[in-house]
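Close look at the chain arrangement
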Amino acid sequence: MTQRFDAIVVGAGQAGPSLAQRLSAAGRKVALIERKLMGGTCVNTGCIPTKAMVASAYVAHTGRRAAEYGVGTGDITVDMAQVWKRTRGISERSRSSVENWVAGMPNVTLLRGHARFESPRTMRVGDELIEADQIFINVGGRAVEPDFPGVKTVPYLTNVGVMDLKELPDHLVIVGGSYIGLEFGQMFRRFGAKVTIVEKGKRLLPREDPDVSEAVVDILQREGIELHLGAECIELQGEEGRICVIAECAEPRMAVHGTHLLLAVGRRPNTDDLGLDSAGVEMDDHGYIVVDDQCRTNVEGIWAMGDCNGRGAFTHTSYNDYEIVAANVLDNELRRITDRIPAYALYIDPPLARIGLTETEALKRGYDVQVGVRPMTRVGRAIERGETLGFMKVIVDAQSERLLGAAILGASGDEAIHCLLDVMYADAPYRTVTHAVHIHPTIAELLPTTLQDLHSVAPQASPAT
Ligand SMILES: Cc1cc2nc3c(=O)[nH]c(=O)nc-3n(C[C@H](O)[C@H](O)[C@H](O)COP(=O)(O)OP(=O)(O)OC[C@H]3O[C@@H](n4cnc5c(N)ncnc54)[C@H](O)[C@@H]3O)c2cc1C
Ligand SMILES: NC(=O)c1ccc[n+]([C@@H]2O[C@H](COP(=O)([O-])OP(=O)(O)OC[C@H]3O[C@@H](n4cnc5c(N)ncnc54)[C@H](O)[C@@H]3O)[C@@H](O)[C@H]2O)c1
C-alpha cells in the first residue's frame, strides 16, 4: 500500500532537515528520507571533520613555532589516533544533534533507506512506496573516482578514507590541487607527513587571480609541500604502501613515489541511482539536476536543493537553497539563487576568503576597475599574532562606487571578509566601509584603509589567467 504524505524530502544534508521543519511547522505531513548518515557530507565527511583536523594541524604548526613567542615546549609530536578521536567526537556530536532535532519534529516521519522515484509523485524506499504532491531533492554528491590508467590496481583514499587514517602516512601523494587537496595537503604536512600535490592545471587555483595563486603556492612551499603542476595525464602504479603517480606529459616528466594516495579531483552528484528518468526530471551532462532560479526542476512539484543542482557546492549555498525554497513555497516571498553573491573560503592556514568577482573577472566584464591591496605584513593584528603571510585585496567599480569583490588571504580573513560581503548585499557604496570605524586591533580594521588606497587597473594590465 502506498503511504501518502504532503511532502517528501530526500536527503538529510544541509537543506533537507531545515525544510522538513518549516513544512512541519506549516502543518504539512512530511517524509524525510536518509540512506546513510544524518547531517550528510558537511557533518560527517566534509566541513566539520576537516575543520576539526585543520585545527589540530594549526596547533602542531604553532607549537613548532612556540619558541618565537617565548613559549617553551618539548618536541612537538602528533598522535593521529587522538586527532581522529577528537575529530570524530566533534562530528558525531553534530550528527546526534541533527538526529535529535529531526526526531523532535512533529508531523515528520524519518525513513531510513535509499529513495528512488517510481513516478513524478511516487518514491520507493526499500519495501515502502510513498507519494506526495511536493518532492524536494537534497541528495548531495560524492567524490569523483577518476578512470586513471591503473586506478583499479592501486589502493587510494578519497575525502572519506583520508579522515579515518589513525596513523600518519610517511608520504601522502594527492592528485588534485583545489579545496580538498590543499586543505588535506597542508594539514598532513603539519602532522608530519611528506606531502606531494599533483595538479593538472598549469597554475594552482586557476579561478583565482594569479597573485592569489602565487601567494598560496608560496605558503604551501614554505612548509615543504612539493607541487607538480600541468600534470594532465596521470597514470597510477604500485601496491599498498608503495604507490607511484606518473605524468608523462608534465614538463619535466613526473613520477612521484608515495605510501598513500588521496584522489581529490572533484565531486559528482548522487543522481545516478535516484530514478530521475521515471519522474522525467532533467539532468545536465554531468548529472546535476537542472533547476530554475527558485530551485524548481522541469517537473512541477519537484525541487532540487544543494550540491545536486550544481548551482553551488558549499554548505552555505545548500542552506540558502532551503531558504529560497521555503520563502517561495511557504512564505510567498520571491527569493532567487541569482541574488546570492559568491562567497567561499579555502581552509588552508592562513585561509583564503573570497567574495564576488576576482580582478580578472571584473576586467573581463568591462568594469572600470579599481583595486586596493594591503599585505598582511602591514596589518597590526597579524604582526602581533606573528601571522603575516598573505594579503587583502578589494575590487571596486569606479563608476558605481560599489564593491565588486574581495580576497583576503590572511589570518582570520574568513571572518573579516563578512564586513565587505554585507556591504555588497546592502548594495551600499564602498565608502560606507571607509567611513566606518572598526575596532583596534583587528584584521578587519585595515579594510577601510585598503579601500582608501585604490588604484585604477587598465584592462591591458589584466592579470594573465
Ligand atoms: C572534505 C570536504 C570538506 C568540505 N568543507 C567545506 C567547508 O569548509 N565549507 C563549505 O561550505 N563546504 C564544504 N564542503 C562542501 C559541503 O560539505 C557540501 O557542499 C554540503 O555538505 C552539501 O550539502 P547538501 O545538503 O547539498 O548535500 P549532502 O550534505 O551531501 O547531503 C545529502 C544527503 O542525501 C543522502 N542521500 C543521497 N541520495 C539519497 C537517496 N537516494 N535516498 C536517501 N538519501 C540520499 C546522503 O546520504 C546525504 O546524507 C566540504 C566538502 C568536503 C567533501
Ligand atoms: N573550504 C571549502 O569550502 C571546501 C573544502 C573542501 C571541499 N569543498 C567542496 O568540495 C568540492 C570538491 O573539492 P575538490 O577539491 O575535490 O574538487 P574541485 O572540483 O574544487 O577541484 C578538483 C581539482 O582537481 C584537479 N583535477 C581534476 N582532474 C584532474 C586530473 N585528471 N589530474 C590532476 N588533477 C586533476 C582540478 O584541476 C582541480 O584543481 C568543491 O567543489 C568544494 O565546493 C569545499
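Further up the page is the structure itself.
Notes on the structure in this doc start here. Everything numeric in this text was worked out from a predicted model, so none of it was measured.

With respect to the overall build of the protein chain
Of regular secondary structure, the protein chain possesses 15 helices and 24 strands. Relative to its length of 465 residues, the protein chain is compact, with a C-alpha radius of gyration of 24 Å against a globular reference of 23 Å. With the C-alpha coordinates aligned to their principal axes, the bounding extent of the protein chain is approximately 70 × 60 × 45 Å. When burial is assessed residue by residue, the protein chain has 43% of its 465 residues classed as buried. For the protein chain, the share of sequence-separated contacts (at least 6 apart) that also reach a separation of at least 24 residues comes to 65%.

Points about the packing of helix H1 (residues 16-25) against helix H9 (residues 315-330)
Relative orientation of the contacting elements H1 and H9 amounts to 20°, with a least axis distance of 9 Å. Accordingly, the angle class assigned to the pair H1 and H9 is roughly parallel. Taken as a pair, H1 and H9 cross one another with a handedness that is right-handed. Where H1 approaches H9, its residues Ser-18, Leu-19 and Arg-22 are matched on the opposing element by Tyr-319, Tyr-322, Val-325, Ala-326 and Leu-330.

A word on the site of ligand 1
Taken together, 37 residues lie around ligand 1, and Gly-11, Gly-13, Gly-40, Gly-140 and Gly-306 are the ones closest in. Taken together, the residues of the shell around ligand 1 sort by class into 14 nonpolar, 18 polar and 5 charged.

Quick word on helix H3 (residues 47-64)
Counted at 1.5 Å a residue, the expected span for H3 with its 18 residues is 26 Å, and the 25 Å between its end C-alpha atoms agrees. If you check which residues of H3 are buried, you get Ile-48, Pro-49, Thr-50, Met-53, Val-54, Ser-56 and Ala-57. Next to the buried residues of H3 lie helix H2 (40-44), helix H4 (80-103) and helix H6 (179-191).

Points about the sheet that holds strand E7 (residues 128-131)
Across the sheet, 4 strands lie side by side as E1-E7-E6-E5; this open sheet has mixed pairing. With partners counted over all chains shown, the strands left at the sheet margins are strand E1 (2-4) and strand E5 (115-119), one partner each. The sheet shows a mean angle of 35° between the axes of neighbouring strands, direction not considered.

With respect to the site of ligand 2
Among the 25 residues in the neighbourhood of ligand 2, the closest are listed as Gly-176, Ser-178, Tyr-179, Gly-266 and Ala-313. If you list the elements that add at least two residues to the shell around ligand 2, you get H6 and strand E19 (343-346). Counting residues per element, the shell around ligand 2 draws most heavily on H6, at 4 residues. A class-by-class count of the residues in the shell around ligand 2 yields 15 nonpolar, 6 polar and 4 charged. Counting contributing residues, the shell around ligand 2 receives three or more from each of domain 2 (161-265) and domain 3 (343-455).

Rules of the game
Residues numbered from 1 in each chain as written. Chains lettered and ligands numbered in written order. Predicted model: local features only at pLDDT ≥ 70, side-chain atom pairs only at ≥ 80, totals over all residues. Helix = DSSP H or I, 4+ residues; strand = E, 2+ residues; numbered from the N terminus. Rg over C-alpha atoms; globule rule 2.2 N^0.38 Å. Buried ≥ 20, exposed ≤ 12 C-beta atoms within 10 Å, placed from the backbone. Contact = placed C-beta atoms within 7 Å. Axes fitted to C-alpha atoms, helices over the stretch in contact; angles between N-to-C directions. Parallel < 35°, antiparallel > 145°, perpendicular 65-115°, else oblique. Left-handed = near helix turned anticlockwise from the far one by under 90°. Near = placed C-beta within 6 Å. Nonpolar A, V, L, I, M, F, W, Y, C, P; charged D, E, K, R; others polar. Expected span 1.5 Å × (residues − 1). Pairing = 2+ DSSP bridges. Domains from an automatic or database assignment.

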